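In case you want the letters, here they are:
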Amino acid sequence: MLGAIILTSLALAVSLGWTARDNRDGLRTWTQALCLTAGGCLMHALRGTIPDWAPILLGNALLSLSLSLGLRAACRFHGVQENPWAAFLPPCILVVGLALLMDDFRYRVVLASLVNLVQVGLIARQLLLGRYDFPTRGRNMLLASGAFDILLAVGRCWGAIFLPHDFQTFFQPSPLQLAAYFSAFLLLIMATNGFMMMAKDRSDARLRQLAMRDRLTGCWNRVRIEEAAGQEMDRLRRYAHPACVILVDLDHFKNVNDRHGHEAGDAVLRDFAQIARECIRATDILGRWGGEEFIVILPMSDLPEALVIAERMRRCIERHIFPQGLRITISLGVAACLATDTWTDWFRRADAALYRAKAGGRNKIQIEGFDPPSLPANDSRHYVSQLVWREDYLCGEPEIDAQHRRLFEQGNALLALAGRTSPPGEILAATRALIAGTCAHFATEDRILAAAGYAGAAEHARIHRDLLARGETLLQAYGRGEIEPAQIFHFVLHDMFANHILVHDRQFSTCFAPSPLLEPAQHSSSQPLPRA
């Protein structure tokens, strides 16, 4: 078994040393540890043919040093500075202690086992403290081998202390000795495979990261953006966490390439990406959608927050002097995610807003479905959009249209609370009033649609029930202090109005003639209300 351990250690060392291009992942350090393991086992294999002090002192010292190098490899893998005392003090203590205990094998076994236990524990601690942005199956295998080694060390201590006569068979050919060496062989295989798997999984993660990034700007590419968008849509549906997207286009970028060359164009793209990173938050996700189009996913953000970030980006780009003295502007389209959105729907609305910004003269921000307020220069406060009633929101049924207008007024009253420091009780009362009005409206609407023979009346009633249930859930969560007011405002602004009244309710408008009872709506937006 010792011969198998020696040959296996050397074979693994050769294969790792041959394939490791550098020591960035600690593979070469692990290779050195394997060589020391082979040397320590060789000293023990020569026991009886060389003086006893050699395998006892040199053999155990080499095995302890191999664990020290294992700790160094783990530190190098995680990019942290190792503690020299933690790495090399245990082997020194072991050698000195064994030299003083040459005549008592029991205490030698206890000392060697305790030092082994401490060193394996240090390696396990480093593995647990390390940061992992890749699968941890290799680390778990390494930890499992360490736990097995600790159990063996505890068993050796117990046997040496309480069964000294039986434990002497450990140094003679016996089933106990065979089991011990076979366990060491398995630990060697498990630990090395675990470390190799860690290195492979991190390498795969790095390659995946590279595959998801644009090489020119360092921004995420479409694959990562679509993945992030899917995650934010799931959070919105499950936890009511709002999310927005900003689609950015560099105005007249083709002229930069045509007049100054593609090298200047590449420099502009790189500068833009750097400025955009400085304008967004650490949790936001910046991607290059293609050519001169970029996209930003904003988790936990409603439209007012997205608008502030978009305006900050627009102003910074407008003021920046690019290489060769170039100045450019950007157009931006902003859209909030709705509970029923697919990624295609969400992106299409942002793209429509971007088209409006470009068609309106460029160097502008447009919010799809809403009139964007004008932000004062150098103002970092958030702004809340107001719901604006429009003539094309009429469905043609007088009672429903009248109730819709009243709900718009109630919704604006609630959104106005975001413009000042309002106590939670006031926001809760206003939301409950809106939910109560909505409940009465839904009952009236269900009755009218059923009487009119609308084919989708049953499905529409189900949507009503779901909205009311979700609103009540949010109210209870807000009352317990579990969510922020922004999530209440997002529910009102997007789920209840933008998504339901302005989308679902328009599907039954063909059942009714246009209503003559309501005055034509105004198309201009009211001024936004600032909030802290």
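Presented here is a report on the structure given in the accompanying data block.

Scoring rules and cut-offs
- Residues numbered from 1 in each chain as written.
- Predicted model: local features only at pLDDT ≥ 70, side-chain atom pairs only at ≥ 80, totals over all residues.
- Heavy atoms only, no water.
- Axes fitted to C-alpha atoms, helices over the stretch in contact; angles between N-to-C directions.
- Helix = DSSP H or I, 4+ residues; strand = E, 2+ residues; numbered from the N terminus.
- Parallel < 35°, antiparallel > 145°, perpendicular 65-115°, else oblique.
- Contact = heavy atoms within 4.5 Å.
- Nonpolar A, V, L, I, M, F, W, Y, C, P; charged D, E, K, R; others polar.
- Expected span 1.5 Å × (residues − 1).
- Buried < 20%, exposed > 50% of the residue type's maximum accessible area, 1.4 Å probe, protein only.
- Polar contact = N/O pair within 3.5 Å; in protein donor to acceptor, adjacent residues only side chain to side chain.
- Lys, Arg positive; Asp, Glu negative; His and termini not counted.
- Salt bridge = Lys/Arg side-chain N within 4 Å of Asp/Glu carboxyl O.
- Phe/Tyr/Trp six-rings, centres within 6.5 Å; stacked < 30°, edge-to-face > 60°.
- Lys NZ or Arg CZ within 6 Å of the ring centre and 35° of its normal.
- Core = buried A, V, L, I, M, F, W, Y, C linked by side-chain atoms within 4.5 Å.
- Patch = residues over 30% accessible without salt bridge, like charges linked within 9 Å, V, L, I, M, F, W, Y side chains within 5 Å.
- Areas by Shrake-Rupley, 256 points an atom, 1.4 Å probe, with all protein chains shown as cover.
- Pairing = 2+ DSSP bridges.

Turning our attention to the packing of helix α1 (residues 2–19) against helix α8 (residues 175–211). At a minimum axis distance of 9 Å, the contact between α1 and α8 shows a crossing angle of 10°. Classified by the angle between their axes, α1 and α8 sit roughly parallel to one another. Mapping the contact onto sequence places L2, A4, I5, T8, S9, L12 and L16 in α1 and Y181, A184, F185, L188, I189, T192 and M196 in α8. Partitioned by chemical class, the residues of the contact of α1 with α8 number eleven nonpolar, three polar and no charged.

Right, let's talk about helix α6 (residues 137–162) for a bit. Spanning 26 residues, α6 covers 37 Å between terminal C-alpha atoms, matching the ideal 38 Å at 1.5 Å per step. For α6, the set of buried residues is G138, R139, L142, L143, S145, G146, D149, A153, C157, G159 and A160.

One turn of the α-helix equals 3.6 residues, which is why residues spaced by three or four share an orientation. Between the first and last C-alpha of helix α5 (residues 105–129) there are 36 Å, a value that for 25 residues agrees with the 36 Å anticipated at 1.5 Å per step. With a side-chain oxygen positioned 3.0 Å from the backbone nitrogen of R106, the residue opening α5 is D104.

Tracing the sequence through the fold places E293 in strand β3 (residues 293–299). Look at E293: it is buried, it has no salt bridge, and the nearest opposite charge is K358 at 5.0 Å. Excluding its chain neighbours within four sequence positions, the residues that come into contact with E293 are V248, D249, R288 and L354.

Below, the discussion takes up the packing of aromatic side chains. Within the structure shown, the criterion is met by twelve aromatic pairs. Between the NZ or CZ atom of R139 and the centre of the ring of Y132, over which it lies, the distance is 5.0 Å. Here the basic side chain of R224 rests over the ring of W220, its NZ or CZ set 5.4 Å away from the ring centre.

In terms of nonpolar packing, the biggest core is built from 35 residues, with I246, L250, F272 and M313 touching the most fellow members. Broken down by secondary-structure element, the contributors of at least two residues to this core are β1 (243–250), α10 (253–260), α11 (262–279), β3, α12 (303–319), β4 (330–336) and β5 (365–367). F272 has contacts with V248, L250, F294, M313, I317, F322 and I330, leaving out every residue within four places of it along the chain. Counting 33 residues, the second-largest nonpolar core is a separate cluster that includes A74, A87, I123 and L188.

What follows deals with a nonpolar patch on the surface. A cluster of nonpolar side chains, namely M1, L178, F182 and L186, defines an oily patch on the protein surface of about 340 Å² accessible area. Relative to the helices and strands, L186 is located in helix α8.

Moving on, we come to unusual backbone geometry. We note that H252 has phi near 55°; this positive angle belongs to a residue other than glycine. Among the secondary structure elements, H252 is positioned in the loop between β1 and α10. When its relative accessible area of 48% is taken as the criterion, H252 is described as partly exposed. Even without being a glycine, R362 presents a positive backbone phi close to 65°. With respect to the helices and strands, the residue R362 is situated in the loop between α13 (343–359) and β5.

Looking now at the sheet that holds β1. Two pairing modes exist for strands in a sheet, parallel and antiparallel, and in both the strands are linked by backbone hydrogen bonds. Reading across from one edge, β2-β3-β1-β4-β5 is the order of the five strands in this open sheet, with mixed pairing throughout. Each edge of the open sheet carries a strand with a single partner, namely β2 (285–290) and β5. Put simply, the sheet's adjacent strands are angled 20° from each other on average, direction ignored. Pairing of β4 with β5, which is carried by three bridges, proceeds in the parallel orientation. Along β5, the bridge assignment pairs V334 with I367. Its contacts with the sheet place helix α9 (residues 222–239) against β1, β2 and β3, and it is angled at close to 130° to β2.

Here we take up the packing of helix α3 (residues 53–78) against α5. Any two packed helices are characterised by the angle at which their axes cross and by the distance between the axes. At their nearest, the axes of α3 and α5 sit 9 Å apart, and the two run at 10° to each other. Judged by the inter-axis angle, α3 sits roughly parallel to α5. Mapping the contact onto sequence places I56, S64, L67, S68, G70, L71, A74, C75 and H78 in α3 and R108, V115, N116, Q119, V120, L122, I123, Q126 and L127 in α5. A per-class count over the contact of α3 with α5 returns ten nonpolar, seven polar and one charged.

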